[in-house]
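Coordinate analysis (summary)
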Amino acid sequence: MKIICIGRNYIDHAKELNNPIPEKPVLFLKPDTALLKKGAPFFLPEHSNNVHHEAELVIRINRLGKHIEERFAHKYYEEIGLGIDFTARDVQKSCKEKGLPWEIAKAFDGSAPLGKFIAIKDLGKVDNINFELKKNGSTVQFGNSSEMIFNFNQIISYVSKIFTLKIGDLIYTGTPAGVGPVVKGDKIQGFINGIEVLKCKVL
Ligand code: ZN
């Protein structure tokens, strides 16, 4: 199982970090040890003083595929979930400045909490999914899948040209604006179309 993440997929988030709007999806990977399931707590990593939450819709691949055409991509996932792409922003900044890879900023243990999935048939249209992240009861991020620069099918098609997609692979599809720091004791909740699907305590 691999975790593929898309960076800068919402214009307002790219702008808030002063990044250009990408012409192709920005990709990076996390190892399976990044995954946090079933409301497991997130332990802040020792190598950062500024870890940010990034709430993202997640698709789970349900069949093997390579070079998937965009028009067939919808057959490769049947449910959508919510995850957090925890990012050591201070470490990422230093990686960017030095032109180094992002793994130490993005792929550390527990950096990918994952909530429950909802079947697409219960969500309605995939291009109109609301999602929300609350920190200590207040909404900090709110997005809609219609705001993605690259939609789910475009992402699957592009990613499958580079990596063979296998059953169970996860794609974190990028975060809207509103990213911000988490500190010890924070309570994080994630919602899809108003339904609570993710809970995570920061320790
Ligand atoms: Zn992200």
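That block above? That's the structure.
About the thresholds
Residues numbered from 1 in each chain as written. Predicted model: local features only at pLDDT ≥ 70, side-chain atom pairs only at ≥ 80, totals over all residues. Heavy atoms only, no water. Phe/Tyr/Trp six-rings, centres within 6.5 Å; stacked < 30°, edge-to-face > 60°. Helix = DSSP H or I, 4+ residues; strand = E, 2+ residues; numbered from the N terminus. Buried < 20%, exposed > 50% of the residue type's maximum accessible area, 1.4 Å probe, protein only. Lys NZ or Arg CZ within 6 Å of the ring centre and 35° of its normal. Pairing = 2+ DSSP bridges. Contact = heavy atoms within 4.5 Å. Core = buried A, V, L, I, M, F, W, Y, C linked by side-chain atoms within 4.5 Å. Polar contact = N/O pair within 3.5 Å; in protein donor to acceptor, adjacent residues only side chain to side chain.

Structural notes on the packing of aromatic side chains
The final tally for this structure, using the stated rule, is five aromatic pairs. Taking 3.9 Å as the distance between ring centres and 15° as the angle between the ring planes, the aromatic pair formed by F42 and F86 counts as stacked. You can see F42 sitting in the loop between β3 (35-36) and β4 (51-53) and its partner F86 sitting in the loop between β6 (79-84) and β7 (87-88), a full 44 residues away along the chain. Each member of the pair, F42 as well as F86, is classed as buried. Geometrically, the ring pair formed by F42 and F108 is tilted, given 6.4 Å between the ring centres and 40° between the ring planes. Remark: F108 occurs in the loop between α3 (103-106) and β8 (112-119) and F42 occurs in the loop between β3 and β4; sequence separation between them is 66 residues. Taken together, F42, F86 and F108 form an aromatic cluster joined through their ring pairs. Above the ring of F117, the side-chain terminus of R60 is found at 4.0 Å from the ring centroid. It is R63 that lies over the ring of Y76; its NZ or CZ is 5.8 Å from the centre.

Quick notes on the sheet that holds β7
Taken together, the three strands give an open sheet; going across it, the order is β7-β4-β12, and neighbouring strands pair in antiparallel fashion. For this open sheet the edge positions go to β7 and β12 (180-181), each flanked by a neighbour on one side alone.

Observations regarding the environment of L35
Along the polypeptide, L35 turns up in strand β3. Look at L35 and you get buried, because its relative accessible area is 19%. Along the sequence, L35 and A112 sit 77 residues apart, while their C-alpha atoms lie 4.7 Å from each other. Excluding residues that lie within four positions of it along the chain, L35 makes contacts with M1, I3, A112, L114, L170 and Y172.

Re the nonpolar core
Core analysis: the biggest nonpolar cluster contains 56 residues, and F42, I80, I156 and Y172 have the highest contact counts within it. Once you skip the residues sitting within four places of it in the chain, F42 turns out to touch L36, V51, F86, F108, D109, G110, S111, V182, C200, K201, V202 and L203.

What to know about helix α5 (residues 152-162)
When α5 is considered as a whole, its buried residues turn out to be F152, I155, I156, S157, V159 and S160. Taking the backbone nitrogen of N153 as reference, a side-chain oxygen 3.1 Å away marks N151 as the first, capping residue of α5.

Points about the side chain of H52
Looking at the secondary structure, you find H52 in strand β4. When its relative accessible area of 11% is taken as the criterion, H52 is described as buried. Within the local environment of H52, its side chain forms a polar contact with the side chain of N50, the two groups lying 3.4 Å apart. Within the local environment of H52, its side chain forms a polar contact with the side chain of R89, the two groups lying 3.0 Å apart. Excluding residues within four positions of it along the chain, H52 makes contact with D85, F86, T87, R89, V179, G180 and P181.

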